[in-house]
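Examining the three-dimensional arrangement
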Amino acid sequence: MAESFSLLEGAREEMYGDLMPQWEALCTSEPDRVAVLANTAAMLRQGFGFFWVGFYVVDYSKEPLELVLGPFQGDVACTRIGYGKGVCGAAWAEKRTQLVPDVEAFPGHIACSALSRSEIVVPILKDGEVVAVLDVDSDKLANFSETDVEGLTQLCTRLAAWF
Ligand code: SME
């Protein structure tokens, strides 16, 4: 079946409000984690026009643990990120969202693309531990706010069910 998806043009808060029922309709009955993460990344990129949207998932297969690239939409990205490294590794180590208005001002930022200017990384927590992070990059400076923190946290809270 072909899936149709679009978001109302408007304030970003309204766009997240428009996103959630469409995300639920597409994802909540799907048991496969990769399918759900892939379509979540696609909805965020297509709906909001973000430069890069994707997941890094904790790889428990070997020590030391690392984040490994999961489903994403956008340019080719780095495959593995160490604990505490970059914005994603900081979200993992600190177990909290990183809102970065200017990536050049974030010590240790990992530049997968020179075009990325601002970034938000939200951890997915399962039983109090980070199991993955959602990374969203923009090619505009300061393109994320508390509205994005709220909207993306709502999604990540729901996504914990697939881990
Ligand atoms: N900038 C991220 C790396 C991942 S890419 O942006 C896709 C970081 O510093 O962790």
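Worth saying up front: this structure is predicted, and the values here are computed from it rather than measured. (Residues numbered from 1 in each chain as written. Predicted model: local features only at pLDDT ≥ 70, side-chain atom pairs only at ≥ 80, totals over all residues. Heavy atoms only, no water.)

**A short note on the packing of aromatic side chains**
Given two aromatic rings, one states the distance between the centres and the angle between the planes to describe the pair. To keep things clear, this is the line we draw: Aromatic contacts are taken between Phe, Tyr and Trp rings whose centres are within 6.5 Å, Trp giving its six-membered ring; a plane angle under 30 degrees counts as stacked, one over 60 as edge-to-face, and the others as tilted. Put simply, DSSP marks the helices as runs of H or I at least four residues long and the strands as runs of E at least two long, and each gets a number from the N terminus on. Throughout, exposure labels follow a simple rule: accessible area from a 1.4 Å probe, protein chains only, divided by the maximum for the residue type, with under 20% read as buried, over 50% as exposed, and the rest as partly exposed.
If you walk through the whole model with that rule in mind, you get seven aromatic pairs. Plain terms: the ring middles of Tyr16 and Phe48 are 4.6 Å apart, the flat faces sit at 35° to each other, and that makes the pair tilted. Linking Tyr16 in helix H1 (residues 12-27) with Phe48 in helix H2 (residues 33-48), this pair joins segments that are 32 residues apart in sequence. In terms of burial, Tyr16 and Phe48 fall into one category: buried. Ring centres of Trp52 and Phe72 lie 5.4 Å apart, and the angle between their planes is 20°; this geometry places the pair in the stacked category. Pair noted here: Trp52 is in strand E1 (residues 52-59) and Phe72 is in strand E2 (residues 66-73), with a separation of 20 residues, a long-range link.

**Digging into the pattern of salt bridges**
Pairs can form between side chains of opposite charge whenever their charged atoms are close. Our working rule: A pair is scored as a salt bridge if a Lys or Arg side-chain nitrogen falls within 4 Å of a carboxyl oxygen belonging to Asp or Glu.
Enumeration over the complete set of coordinates arrives at eight salt bridges. Asp59 is the salt-bridge partner of Arg80, the closest N and O atoms lying 3.0 Å from each other. Of this pair, Arg80 sits in strand E3 (residues 80-82) while Asp59 sits in strand E1, and the two are 21 residues apart along the sequence. Of the residues examined, Asp59 reaches a relative accessible area of 13% and is grouped as buried. A cluster of three or more residues bridged by salt bridges with shared partners is formed by Asp59, Lys62, Glu66 and Arg80.

**So, empty space enclosed by the protein**
Gaps left between atoms are located by rolling a probe of water-molecule size over the structure's atoms. The following threshold applies: Detection works on a 1 Å grid of protein atoms alone, calling trapped sets that fit a 1.4 Å probe cavities and calling open sets with protein on both sides within 12 Å along at least five of seven lines pockets, with lining residues defined by an atom within 4 Å of a point. Grid points are joined across faces, edges and corners, and a volume is the space filled by probe spheres set on the points.
Evaluation of the coordinates by the stated rule reveals one cavity of 30 Å³ or more. Approximately 150 Å³ is the volume attributed to the largest cavity. What lines the largest cavity is a set of 19 residues, and nearest its centre among them are Ile110, Cys112, Glu119, Asp135 and Asp137. Put simply, the parts of the chain that give the lining of the largest cavity at least two residues each are E1, helix H3 (86-94) and strand E6 (129-138).

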